[in-house]
Amino acid sequence: GDKEATVNWNYRQMAPTKAGAATFTYPGYPLQTLLVLQPEVAQDIQAKKEAQVRNKTRRRIARVFTFFSAFVLAVMMVYAFVLPWVAGLIAGSIPVAYEKTMGQQLYASVKNSFEVDEKRTAYVNAFFDEMKVPSAYNIHITVVKNEVPNAYAMPGGYIVVHDKLLDGLSTYPELAALLSHEFIHIENRHSLRSMFSRMSNYIFLSLILGDIGTVTAIAVSHTHHLKNLSYSRNLEREADEEGVALLQERHIDCGGFVRLFQLLQKEVDEEPSEWVSSHPNLKKRIRNIEETKACRQQTPAHNETLLSLFNQIQKGD
């Protein structure tokens, strides 16, 4: 009955007793006690126990750090991708009437910073009216005096065109292409969606609080972003494709898009235009338009009224 047996003790469960550092107990039934006669062995056991405690603490810290890092990454992903996406969806559900009111307030907030060219504004609006483009929005185009070639759309039906950009146009289809492109941004609510996405954290909070009126106040406070709103590649392609279709339906040379983009492309090598910075990938977009079958096969008709208005715009008198 006195057979020898091997007993395995886990360092982590060994506990020194009050009898001294050389005596250890091990839990279980019956309670086991180990007396270590060699001091160096007792010290080695104690060192291993302490090392296990340190390793356990490190593992806990590592798990906490991993969890915290994952949490921060998740928050960043939500902030960078989910909120803008949700804000874009919210923008799509905003009633047109509310968007128009917002657009009026946005335009009013920036109008005083413009030096408006009244004559060219009247002619450009007449030019767009002559294109006879149906819309739920009352499109209002403003030509402003500015040395930076640029044009941009605002929610609610407002388009701003810098006279420097007009000065570079050589044919009326180029102007028709420019206005068509910016019109599609308005008609398809690209401007509103991009603005909401850009200010998604503020807008999301105001909607959670149930104060939709705050959205307009937030948008007005960020009107300085309007002139360089950036659009996704999909939205830019949509504005190009539907803009080309708009010209085709009116028998206006869709090559105006190509010449417009070629003009703007020069700005990359010279003084970068804000239009170029917010409407990238011009080379690819020129190629896409040139390869459009309907555009290649188009036989445009001459529009004397548009030509006359374009000439008046270029004269500026």
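Residues numbered from 1 in each chain as written. Predicted model: local features only at pLDDT ≥ 70, side-chain atom pairs only at ≥ 80, totals over all residues. Heavy atoms only, no water.

A. Fine view of the pattern of salt bridges. Here the structure, examined in full by the defined rule, presents 9 salt bridges. Residue D167 is joined to R120 by a salt bridge in which the shortest nitrogen-to-oxygen separation is 3.0 Å. Taken together, the residues D167 in helix α4 (residues 163-168) and R120 in helix α3 (residues 118-131) connect sequence positions 47 residues apart. We classify R120 as buried; its relative accessible area is 5%. One salt bridge in this structure joins E236 and R285, with 3.4 Å as the shortest N-O distance. (Salt bridge = Lys/Arg side-chain N within 4 Å of Asp/Glu carboxyl O. Helix = DSSP H or I, 4+ residues; strand = E, 2+ residues; numbered from the N terminus. Buried < 20%, exposed > 50% of the residue type's maximum accessible area, 1.4 Å probe, protein only.)

B. A look at the sheet that holds strand β5 (residues 151-154). One open sheet accounts for 3 strands, arranged β4-β6-β5; its pairing is mixed. Where the open sheet ends on each side, the last strands, each with one partner, are β4 (140-144) and β5. In this sheet, neighbouring strand axes are inclined to one another by 20° on average, regardless of whether the strands run parallel or antiparallel. Note: β5 against strand β6 (residues 158-162), 4 bridges, orientation antiparallel. Its bridge partner lying in β6, M154 is registered against Y158. (Pairing = 2+ DSSP bridges. Axes fitted to C-alpha atoms, helices over the stretch in contact; angles between N-to-C directions.)

C. Quick look at the state of the cysteines. Following the criterion strictly, the structure yields 1 disulfide and no others. C254 shares a disulfide with C295; S-S distance 1.8 Å. Taking the sign of the S-S torsion, 115° for the link of C254 and C295, the bridge is right-handed. Here C295 lies in helix α13 (residues 293-296) and C254 lies in the loop between α9 (233-249) and α10 (255-269), a separation of 41 residues in the sequence. Like C254, the residue C295 is buried in the burial classification. (Disulfide = S-S within 2.5 Å.)

D. A look at the nonpolar core. In this structure, F127, M131 and L175 are the most contacted members of the largest nonpolar core, which totals 47 residues. The leading source of residues in this core is helix α5 (residues 172-187), at 9 residues. Here F127 is in contact with Y172, L175, A176, L179, L306, L309, F310 and I313, once residues within four sequence places are set aside. In this structure, L106, V144, M154 and F196 belong to the second largest nonpolar core, which totals 14 residues. (Core = buried A, V, L, I, M, F, W, Y, C linked by side-chain atoms within 4.5 Å. Contact = heavy atoms within 4.5 Å.)

E. Local environment of unusual backbone geometry. Of note, the phi angle at R189 is positive, near 60°, even though the residue is not glycine. Here R189 is to be found in the loop between α5 and α6 (190-198). The phi torsion at H251 lies on the positive side, around 60°, for a residue other than glycine. Within the secondary structure, H251 is located in the loop between α9 and α10. For H251, a relative accessible area of 47% gives the class partly exposed.

F. The arrangement of α9 in detail. Helix length check: α9 (17 residues) gives 24 Å between terminal C-alpha atoms against 24 Å at 1.5 Å per residue, within 8%. All of the buried residues along α9 are L235, E236, A239, D240, G243, V244, L246 and L247. End-on view of α9: buried residues confined to an arc of 165°, all on one side of the axis. Across from the buried face of α9, at angles greater than 90 degrees, the exposed residues are R233, E241 and E249. After α9 finishes, the residue H251 shows a positive phi value of roughly 60°. (Expected span 1.5 Å × (residues − 1). Arc of directions from axis to C-beta.)

G. How the structure looks around the packing of aromatic side chains. Going through the model one piece at a time under the given rule, you end up with 4 aromatic pairs. Ring centres of Y107 and F114 lie 6.4 Å apart, and the angle between their planes is 55°; this geometry places the pair in the tilted category. Overall, the relative accessible area of 8% leaves Y107 in the buried class. Each ring, one from Y107 and one from Y158, has its centre 4.7 Å from the other, and the planes form 15°; the classification is stacked. One end of the pair, Y107, is in helix α2 (residues 96-111); the other, Y158, is in strand β6, with 51 residues separating them in the sequence. On the basis of relative accessible area, Y158 is assigned to the buried category, the value being 12%. (Phe/Tyr/Trp six-rings, centres within 6.5 Å; stacked < 30°, edge-to-face > 60°.)

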